[in-house]
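The residues making up each chain are set out below.
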Amino acid sequence: MSDDLNCTCYRLRRADRRLSRLYEAALADTGVSIVQFAVFAELERLGGLGISALAKRLGTDRTTMTRTLDRMEGLGWVAVQKADDARLQRHVVTEAGRKVFRDAWRGWRRTETAIAKAMGGERLALLWELLGEAEKAARAANVAAE
């Protein structure tokens, strides 16, 4: 029997804190947080998104996403691509943002590779699968509680 607390939330949060510290340290020289890195990655991958769509993809609320994007816009890393209909406005990565993201990517990649090496590819794939299942279970439990 393990000495660890038998609580899924506690165990996930503890792992999250430890892993987040590793990634934040890897990104520290670039000034990019792990949240900003995720925003960069999604905007680059999808060619720009609106606030609500980006918030949904990253599992956060619109208010938090607005604050993150405002900070990134203030740094010149993202810009709003205007549209006639305000609901169709998208945030996109600027050239300055692309440079910062490329620099951040190097540190992120080193950390991601180190974790994959330490865990092994199969176990890491299993972890991702289990995390996906945990998210689905949390959504189902939330619906059941309403």
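So, a few notes on the structure that sits alongside this text. Quick caveat: nothing in here was measured; it's all calculated off a predicted structure. (Residues numbered from 1 in each chain as written. Predicted model: local features only at pLDDT ≥ 70, side-chain atom pairs only at ≥ 80, totals over all residues. Heavy atoms only, no water.)

## What to know about the overall build of the protein chain
A tally of regular secondary structure across the protein chain gives six helices and two strands. Listing every helix and strand of the protein chain by position from the N terminus yields α-α-α-α-β-β-α-α. The principal-axis extent of the C-alpha atoms belonging to the protein chain is close to 60 × 40 × 25 Å. Counting across all 146 residues of the protein chain, residues that qualify as buried make up 25%. (Helix = DSSP H or I, 4+ residues; strand = E, 2+ residues; numbered from the N terminus. Buried < 20%, exposed > 50% of the residue type's maximum accessible area, 1.4 Å probe, protein only.)

## Overview of the pattern of salt bridges
Two side chains with opposite charge may pair up if their charged atoms get near one another. Scanning the model with the defined rule gives six salt bridges in all. One salt bridge in this structure joins Glu-42 and Arg-45, with 3.1 Å as the shortest N-O distance. One end of the pair, Glu-42, and the other, Arg-45, are both in helix H2 (residues 34–46), three residues apart, so they sit about a helical turn from each other. You can call Glu-42 buried: its relative accessible area is 12%. (Salt bridge = Lys/Arg side-chain N within 4 Å of Asp/Glu carboxyl O.)

## Some points on the nonpolar core
One finds Phe-40, Leu-43 and Leu-69 to be the most contacted residues of the largest nonpolar core, which totals 22 residues. Those elements that provide at least two residues to this core are helix H1 (8–27), H2, helix H3 (51–58), helix H4 (62–74) and helix H5 (95–119). Of all the elements, H5 adds the most residues to this core, at five residues. Once residues lying within four places of it in the same chain are set aside, the contact partners of Leu-43 are Gly-48, Leu-49, Leu-54, Leu-69, Val-78, His-91 and Val-93. (Core = buried A, V, L, I, M, F, W, Y, C linked by side-chain atoms within 4.5 Å. Contact = heavy atoms within 4.5 Å.)

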